[in-house]
Each structure stands twice: as C-alpha cells, then as structure tokens.
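Coordinate inspection notes
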Amino acid sequence: MENQRIRLSKSMLKGALLKLLKEKSLNQISIYEICQTAQINRTTFYKYYGSQTDLLQEIETDFFSQLNEDLKDIIDQAPNALGQVLDHLYEQREIFCILVQATPTREFTDQLFSIPSIGSLFQSLMDTENYSETQARYIRQFVFQGAFAVLCDWLSREDPEPASEIAEVMGQLKSRL
C-alpha cells in the first residue's frame, strides 16, 4: 500500500504528463518537462518510473481499472445500459481523448474492449450465431473498430451530441448486423 506522499507525487506527475499531452506528443515530452510541470524533482520521478512511457502506461492502467469498476456497477443495474455507459465515457472524455492520441490506436482499442463490461455490451450489438467462427471474428472486429471510431469522433467533437443519440445510432446498427 502506498503512503499519502507517494500517491501525491505520482498524482502530480500524472497530472503533469496529461497536461503536456494536450500540447504535444509523448515523444516530444522530456522527463525534465514533466518534473518541472509537476514541481517535483527528477530523482522522485525515477524512484517510481523509468520513462515517460512507464508513466503513461500507469495512467492508462488506472483509467481502464477505474472505468471497469464504474461500468460494472452500471451494467449490473441495467444490462442494456449502452446510453448510461456512453454518458460515463462522455464524463471521462478529456482523458479518453488524451489517451487515444498518446497510445497506438490498436492497443487502446484492444484494452478498451477487453474491459469485460464494455466488451460484453458491444458484443451484444451483434448476432454472430449464424456465422462461422472466422466470419464471427471479422464481424466482431468490424463492430469493435467501428464503435471505437464512432466513440473517438463523438468524444473529440467540440460540442458532441447527447449520449442518447449515439446509443440510438448504435442500436440501429444492431438491427442491421
């Protein structure tokens, strides 16, 4: 268990990296910049992380873990809760968009849809019973990649549509697959 000082230092470093990622890509950010923004000594940075990538990976892990916990509660209460899940993603849109830009798309997509609640929810958008295993795999990939593209486009807009509209669009797609 981490003590409060460690949690505070890590939180400040994470916040600094997220702030810098709004302005430039990970490979353009130095550890010196992160520490300067966080107002933390580089020795402290190296106590917890080996590189900017290690820090980013911890931010992603924290994001996906928290997302999984939050969505588990939503899904348990209403298994067909696509609108509520989208509402929650909307609330997390700033960090979602930063992480999407900082992480190779395929890795981020795989991590997002490996969250059990999200994977099962989007899996329910398709009926793969009447298809071979190979066909079902491609249908899943098509739905997951398409859903991810819609999420990225929607969440990155200046004035995104309400989550209920996006849920309706995805529901209409379900009836056509």
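These numbers come from a predicted model, not from an experiment. (Residues numbered from 1 in each chain as written. Predicted model: local features only at pLDDT ≥ 70, side-chain atom pairs only at ≥ 80, totals over all residues. Heavy atoms only, no water.)

**A few points about the pattern of salt bridges**
A complete count under the given rule lists seven salt bridges for this structure. We note a salt bridge from lysine 72 to glutamate 69, for which the minimum N-O separation is 3.1 Å. One end of the pair is lysine 72 and the other is glutamate 69, both in helix H4 (residues 52-77) and three residues apart, which spans about a single turn. We classify lysine 72 as partly exposed; its relative accessible area is 36%. Among the residues examined, glutamate 69 registers a relative accessible area of 42% and is labelled partly exposed. Across the salt bridge formed by aspartate 153 and arginine 157, the nearest N and O atoms sit 3.1 Å from each other. A single salt-bridge network, built from bridges that share partners, covers Lys10, Lys14, Glu58 and Asp62. (Salt bridge = Lys/Arg side-chain N within 4 Å of Asp/Glu carboxyl O. Helix = DSSP H or I, 4+ residues; strand = E, 2+ residues; numbered from the N terminus. Buried < 20%, exposed > 50% of the residue type's maximum accessible area, 1.4 Å probe, protein only.)

**A short note on the confidence of the model for the protein**
With 94% of its residues at a pLDDT of 70 or more, the protein shows a mean pLDDT of 87. Mean pLDDT in the protein bottoms out at helix H8 (residues 116-123), which sits at 78, and peaks at helix H2 (residues 31-38), which reaches 97. (pLDDT = per-residue confidence, 0-100.)

**Focus on the packing of aromatic side chains**
Summed over all chains, the structure comprises 10 aromatic pairs. Pairing phenylalanine 45 with tyrosine 49 gives two aromatic rings, centres 5.6 Å apart and planes at 50°, and the pair type is tilted. Geometrically, the ring pair formed by phenylalanine 108 and phenylalanine 148 is tilted, given 5.9 Å between the ring centres and 45° between the ring planes. Residue phenylalanine 108 is found in helix H7 (residues 105-114), and its partner phenylalanine 148 is found in helix H9 (residues 133-156); the two are separated by 40 residues along the sequence. For phenylalanine 108, a relative accessible area of 0% gives the class buried. Judged by its relative accessible area of 4%, phenylalanine 148 is buried. An aromatic cluster is built from Phe63, Phe64, Phe96, Phe108 and Phe148, whose rings are joined through pairwise contacts. Between arginine 137 and the ring centre of tyrosine 138, over which it is positioned, the NZ or CZ distance is 4.8 Å. (Phe/Tyr/Trp six-rings, centres within 6.5 Å; stacked < 30°, edge-to-face > 60°. Lys NZ or Arg CZ within 6 Å of the ring centre and 35° of its normal.)

**A few points about the side chain of serine 9**
Assignment of secondary structure puts serine 9 in helix H1 (residues 4-21). Setting aside chain neighbours within four positions, we find serine 9 in contact with Ile40, Thr44 and Tyr48. (Contact = heavy atoms within 4.5 Å.)

**Quick word on the environment of alanine 38**
Structurally, alanine 38 is set in helix H2. By relative accessible area, which is 5% here, alanine 38 ends up buried. Expressed as a C-alpha distance, the spacing of alanine 38 and glycine 15, which sit 23 residues apart in the sequence, is 7.4 Å.

**Topic: H4**
End to end, H4 covers 38 Å across 26 residues, agreeing with the expected 38 Å (1.5 Å per residue, within 8%). When H4 is considered as a whole, its buried residues turn out to be Gln52, Leu55, Leu56, Ile59, Glu60, Phe63, Phe64, Leu67, Asn68, Leu71, Ile74 and Ile75. The N-cap residue of H4 is serine 51: its side-chain oxygen and the backbone nitrogen of threonine 53 are 3.3 Å apart. (Expected span 1.5 Å × (residues − 1). Polar contact = N/O pair within 3.5 Å; in protein donor to acceptor, adjacent residues only side chain to side chain.)

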